[in-house]
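Notes for the structure review
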Amino acid sequence: MTTGDEAPSFVSEQPPTVLLQTMFWILLLCSLCSLVNADVDRRRYSNPTYYNVGGVLSSNESIAFFKDTISNLNFKDKYVPRGVTYHDYSILMDPNPIKTALNVCKDLIAHRVYAVVVSHPLTGDLSPAAVSYTSGFYHIPVIGISSRDSAFSDKNIHVSFLRTVPPYSHQADVWVDVLKHFNYMKVIVIHSSDTDGRAILGRFQTTSQSIDEDVDRKVVVEQVIEFEPGLDSFSDKLIEVKSAQARVFLMYASKTDAEIIFRDATYLNMTTTGYVWIVTEQALDAANAPEGLLGLRLVNATNEHAHIQDSIYVLASAIRDMNTSEEINAPPSDCDNSGSIWTTGRLLFDYIRKQRLENGATGHVAFDDHGDRVHAEYDMVNVRAQGEHVAVGKYFYSKDTQKMRLELKEHEIIWMGRSSTKPEGFMIPTHLKVLTIEEKPFVYARRVDDETECFTEEIFCPHYNTNQLYCCKGFCMDLLRYLSKAINFTYSLALSPDGQFGNYIIRNFSQPGAKKEWTGLIGELVYERADMIVAPLTINPERAEFIEFSKPFKYQGITILEKKPSRSSTLVSFLQPFSNTLWILVMVSVHVVALVLYLLDRFSPFGRFKLAHIDGTEEDALNLSSAIWFAWGVLLNSGIGEGTPRSFSARVLGMVWAGFAMIIVASYTANLAAFLVLERPKTKLTGINDARLRNTMENLTCATVKGSAVDMYFRRQVELSNMYRTMEANNYDNAEQAIQDVKNGKLMAFIWDSSRLEFEAAQDCELVTAGELFGRSGYGVGLQKGSPWADLVTLAILDFHESGIMESLDNQWILRNNMLNCEENEKTPNTLGLKNMAGVFILVLAGIVGGIVLIVIEVVYKRHQIKKQKRMEIARHAADRWRGAVEKRKTLRAAILPSQRRAKSNGVKETGSISLAVDRGVRRRDEPRIPRYMPAYTPDVSHLVV
């Protein structure tokens, strides 16, 4: 009984055995549900519950281990679901590949095996291939546990072959990491001409050139020696490479071929101190392997049991994954039925290829796309005296980084010649082939006919690959001399083959394997046709990817060269102080004031006109011409002797006009000095950020040199893309032509290295650099990638900077007091010349010519007036004489007419008419001619006759 305050308790009243039974039944029910669900998933596709696995193994011991492994597999729930059982069918490997193929059909395929595990025979090499061909025909997966030939990676032939061992060619991956560890960047590869030899070379070249995270440490293959297997002698090949720079040999060869190579190399002293030999597993077993040899050995390579176990577990994992997501069909059971293709086999191959064993018996088990084992572990073996093999490192899979990792005990390695010191891996050549390019002031080139014509400060530098001979001098030539003495090398110098620093061209741009091909100086280094470039070679990322650079011997940047804007000194320069509007107003003011002065003096009661009439003085009155003369005289500050205003009002205006003239003349004089003397031309551009350069619509031409470092800089800068597209069409082949066009005014802005442009601006004060430097970089000495001279050259250049050699070269070749002259010219006031004041002289000349023209006009006009006056005088005199004659006749008639009248009235006969007519017909010269139409007049003189 429980009280009302107590809650019923059932658990406490149950005995412990009942509680345990209840928990047991619950767990059993959950497990049954999981089994039912798994069975439902498996039966969803009606997948089989029995899987047969075949084995073609090399020994009875391996067959027994194979059976035990499959038996134990059935009890591992991790790999085998409940209700699934694996059975084994195995046969011994026959050295005869035909018999092996027949046994596979009869003893394995006939029992419907889902996969076949195959090892390598004790003798013979073709039996694993026979198993692969036979099973692959029906797409039955084959897992190899010892076959390492590269031919099995070809899925066109071995369509369903996988392996838990890597092919021999995968040793190239270890080679690359070993070389990087020892910093050996230049090697010689020796390999046989069979499939494995060519495969290991191809994989090594691909792996060594695809290390994206460390582009500065790519391994370069200096030479490749390929030989036919079955050598008798290898001396000729070794003699060819004995003079090579690399001293690191990578070799893939069989045991017998390796013995021949080691024999001849020892005879030629190529296994002594300074040489490094790194070989593959087969060559490591050579009986005469020299002391100090380094080789690779695959871990668990001969542990067949471990590989059998890993292959079975990988297969079980793949079938487990397929059971949950794929429908599995029964494999073929008869080799005679050639028409049936097992589609499940293809899926099973893909599932096996995707499996990973983190803790397999042979390490981390994984496969690549070809079904080859990856992440296999190797030991680095060092050959000691008496042929002893000592492991000095290992190559293993790191679970932390999930990558392969190399660990070496470098201090335990005995190198060739029993040396404990790591060799440099290369032989430093003492005679270098050096290239340069003509670029003032770093390199001056002078054409000659013979080498003996070069002066002491010059170096003989024939044009590369031509018969043209030159002598070179300059900054870089002196630098080359200093380097040669400092690091002890000799050289032969040549000019650039095409006059270009070098540009890259991308071949097969649309394809994944597109490559950059270099031209010019860079191309000669990249393709190892030259050893060094001593020139103003700009250091940039594009070039540094393919060649080695020293530390900069001169720091510089990019700037803009342009021609100084010329002064606006024209024939009317003297008019520049005032604007056109002001000049017009001054001209108008002169004549307006003159007119007002004339009017004031004309109408003033105290003016000259009034005074002349009042007091009778002979003082000339102020006319309009005199007023204009007065106004101009005051403005031009000339003496006024006559024609001055008399009235007070006009004189007040004259004083105001004089003050106006003083201000105008003073302002004109000050501005004229500013315009013609103190004016300094400024650059047209402010720098690379000038809007006129960025604006593609602006009519301003700028350019650089095609394929140069400046051209690459503009291609890299996204913000300058519009500007680059505009200037790309204007780019020049060389800097000389561009600078000349700037001087001639054909090019407005040339973008180039600051060192060269500042030198040109110092040489020619008409040129100027605009804005601040941008794209700062430096000039470096170029060398081949991995060149042994790189560090030595860098250290020498740093020493030159500290010792002041570089400063002295700058003073000698770049500065040369040129900039001082231009600076002094800038500080000196400009002197006015004829160009500035030519307009004034022309104005005077125009005045002289105008005066002469006017005097001619005046003379002509005066002569015309005189002639006109003479004609008027003659006419007037003739008129006077005619008038006098007329008057005389009138008087005579007036005297004769009364007498005639009286005679007529008296009847006197006109007797004197004839004599009078005669007298009328005879005229004196001084008498005027009487017109004929005048009526004849005969005076009556009858009264005069007695």
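Residues numbered from 1 in each chain as written. Predicted model: local features only at pLDDT ≥ 70, side-chain atom pairs only at ≥ 80, totals over all residues. Heavy atoms only, no water.

The protein has the name Glutamate [NMDA] receptor subunit 1 in an unreviewed UniProt entry, where Danaus chrysippus is given as its organism. According to its UniProt record, the protein has this under Subunit (unreviewed entry): "Forms a heteromeric NMDA channel with Nmdar2." Regarding the protein, the UniProt comment filed under Sequence similarities (unreviewed entry) reads as follows: "Belongs to the glutamate-gated ion channel (TC 1.A.10.1) family." (UniProt positions renumbered as here; feature names shortened; annotations may be inferred.)

1. Describing the overall build of the protein
Within the protein, the secondary structure is distributed over 28 helices and 29 strands. When the 946 residues of the protein are sorted by exposure, 43% land in the buried category. Of all intrachain contacts in the protein linking residues separated by at least 6 positions in sequence, the fraction that spans at least 24 positions is 71%. Here the protein has roughly 51,000 Å² of accessible surface; of this, 55% comes from carbon and sulfur atoms. (Helix = DSSP H or I, 4+ residues; strand = E, 2+ residues; numbered from the N terminus. Buried < 20%, exposed > 50% of the residue type's maximum accessible area, 1.4 Å probe, protein only. Contact = heavy atoms within 4.5 Å. Areas by Shrake-Rupley, 256 points an atom, 1.4 Å probe, with all protein chains shown as cover.)

2. Describing the sheet that holds strand β6 (residues 186–192)
Taken in spatial order, the eight strands of this open sheet run β7-β6-β8-β9-β10-β14-β15-β16, and their pairing is mixed. Of all strands in the sheet, those with a lone pairing partner are β7 (220–227) and β16 (403–408), marking the two edges. Between one strand and the next, the sheet's axes are offset by a mean angle of 20°, whatever the strand orientation. As paired elements, strand β9 (residues 276–279) and strand β10 (residues 294–298) share two bridges and run parallel to each other. (Pairing = 2+ DSSP bridges. Axes fitted to C-alpha atoms, helices over the stretch in contact; angles between N-to-C directions.)

3. Considerations on the pairing of strand β15 (residues 389–398)
In summary, the side chains of a regular strand alternate between the two faces of the sheet. With respect to burial, β15 is a largely interior element, seven of its 10 residues being buried. Looking at chain direction, strand β14 (residues 378–383) and β15 are connected through six bridges and run antiparallel. The partner of Val383 across the bridge, within β15, is His389. A loop of five residues connects β14 with β15, the two strands running antiparallel in sequence, and Gln386 in this loop sits at a positive phi of about 65°. Of the pairings in the sheet, the one linking β15 to β16 comprises six bridges and is antiparallel in character. When the sheet's bridge partners are listed, Gly393 is paired in β16 with Leu408. In this structure, the hairpin formed by β15 and β16 is closed by a connection of four residues, where Gln402 is found at a positive phi of approximately 55°.

4. A few points about unusual backbone geometry
Residue Pro441 follows Lys440 across a cis peptide bond; omega there is -5°. Mapped onto the secondary structure, Pro441 falls in the loop between β17 (431–436) and β18 (444–448). The residue Asn183 is not glycine, and still its phi comes out positive at about 60°. Note that Asn183 resides in the loop between α5 (171–182) and β6. Positive phi is not limited to glycine here, since Glu528 has a value of about 55°. Here Glu528 lies in the loop between α13 (520–526) and β24 (532–538).

5. Looking at the sheet that holds strand β3 (residues 113–118)
Two pairing modes exist for strands in a sheet, parallel and antiparallel, and in both the strands are linked by backbone hydrogen bonds. With parallel pairing, the five strands of this open sheet are ordered in space as β2-β1-β3-β4-β5. Of all strands in the sheet, those bounded by a partner on one side alone are β2 (85–92) and β5 (161–163). Strand-to-strand, the axes of this sheet are offset by a mean angle of 25°, without reference to chain direction. Alignment of strand β4 (residues 142–144) against β5, held across three bridges, turns out to be parallel. Looking at the pairing, Val142 lines up with Phe161 of β5. Here helix α3 (residues 97–108) sits on the sheet in contact with β1 (50–57), β2 and β3, set at roughly 150° to β2. Against the sheet, helix α4 (residues 127–137) makes contact with β1, β3, β4 and β5, and its axis sits at roughly 165° relative to β3, the strand it touches most.

6. A few points about the nonpolar core
In summary, soluble globular proteins display a tendency toward joint burial of nonpolar side chains. Ranked by size, the top nonpolar core spans 52 residues in total, and within it Val56, Phe66, Leu73, Tyr86, Leu315, Leu348 and Ile352 carry the most contacts. With nine residues, the top contributor of residues to this core is helix α10 (residues 304–325). Residue contacts for Tyr86: discarding those within four places in its chain leaves Tyr51, Val53, Ile70, Leu73, Asn74, Val80, Ala316 and Ile319. Core analysis: the next-biggest nonpolar cluster, separate from the first, contains 48 residues, Ile522, Ala530, Leu685 and Leu757 among them. (Core = buried A, V, L, I, M, F, W, Y, C linked by side-chain atoms within 4.5 Å.)

7. Remarks on the UniProt feature "binding site: L-glutamate" (unreviewed entry) in the protein
This chain's UniProt record puts "binding site: L-glutamate" (unreviewed entry) on Pro536, Thr538, Arg543 and Asp753. Accessibility expressed as a relative area gives 3% for Pro536, which makes it buried. Discounting residues that sit within four places of it in the chain, Pro536 has contacts with Glu439, Phe442, Cys476, Phe501, Phe553 and Tyr779. As for its position among the elements, Arg543 is in helix α14 (residues 541–544). Apart from residues no more than four positions distant in its own chain, Arg543 is found in contact with Phe501, Gly502, Trp518, Ile522, Leu537, Thr538, Phe549, Gly707, Ser708, Ala709 and Met712.

8. Regarding the UniProt feature "transmembrane region" (unreviewed entry) in the protein
The sites that carry the UniProt feature "transmembrane region" (unreviewed entry) are, in the present numbering, residues 582–601, 652–678 and 837–861. The annotated region residues 582–601 carries 100% helix and 0% strand content, and the separation between its end C-alpha atoms amounts to 28 Å.

9. Remarks on the state of the cysteines
Evaluated as defined, the whole model comprises three disulfides. Here Cys461 pairs with Cys472 through a disulfide, and the sulfurs are 1.9 Å apart. Where Cys461 bonds to Cys472 through sulfur, the torsion about that S-S bond is close to 85°, and the disulfide is right-handed. Remark: Cys472 occurs in strand β20 (residues 469–473) and Cys461 occurs in the loop between β19 (459–460) and β20; sequence separation between them is 11 residues. On the basis of relative accessible area, Cys472 is assigned to the buried category, the value being 0%. (Disulfide = S-S within 2.5 Å.)

10. Brief notes about the packing of aromatic side chains
Evaluation of the coordinates by the stated rule reveals 32 aromatic pairs. One aromatic cluster is present, formed by Tyr51, Tyr86, Tyr114 and Trp342 through successive ring pairs. Directly above the aromatic system of Phe396 lies the positively charged group of Lys394, at a separation of 5.0 Å from the ring centroid. The ring of Tyr504 carries the charged tip of Arg715 above its face, separated from the ring centre by 5.4 Å. (Phe/Tyr/Trp six-rings, centres within 6.5 Å; stacked < 30°, edge-to-face > 60°. Lys NZ or Arg CZ within 6 Å of the ring centre and 35° of its normal.)

11. Some thoughts on the side chain of Lys564
By secondary structure assignment, the location of Lys564 is in the loop between β26 (554–563) and α15 (580–603). Classification of Lys564 as buried rests on a relative accessible area of 19%. Side-chain polar atoms of Lys564 contact the backbone oxygen of Cys765, separated by 2.9 Å. (Polar contact = N/O pair within 3.5 Å; in protein donor to acceptor, adjacent residues only side chain to side chain.)

12. Here's the deal with a positive patch on the surface
Positive charge collects at one region of the surface, where Arg863, Lys867, Lys868, Lys870 and Arg871 lie side by side. In this fold, Arg863 is placed in helix α27 (residues 834–906). (Patch = residues over 30% accessible without salt bridge, like charges linked within 9 Å, V, L, I, M, F, W, Y side chains within 5 Å. Salt bridge = Lys/Arg side-chain N within 4 Å of Asp/Glu carboxyl O. Lys, Arg positive; Asp, Glu negative; His and termini not counted. Charge placed at Lys NZ, Arg CZ, Asp CG, Glu CD.)

13. Looking at the confidence of the model for the protein
Atom-level detail of predicted coordinates should not be read off regions where pLDDT is low. Within the protein, residue pLDDT values average 82, and 80% of them lie at 70 or more. Note on residues 1–16: pLDDT is under 50 here. Beyond four places in sequence and across chains, it has zero contacts. Segment residues 930–946: pLDDT under 50, and 29 contacts once partners within four positions in sequence are set aside and those in other chains are kept. (pLDDT = per-residue confidence, 0-100.)

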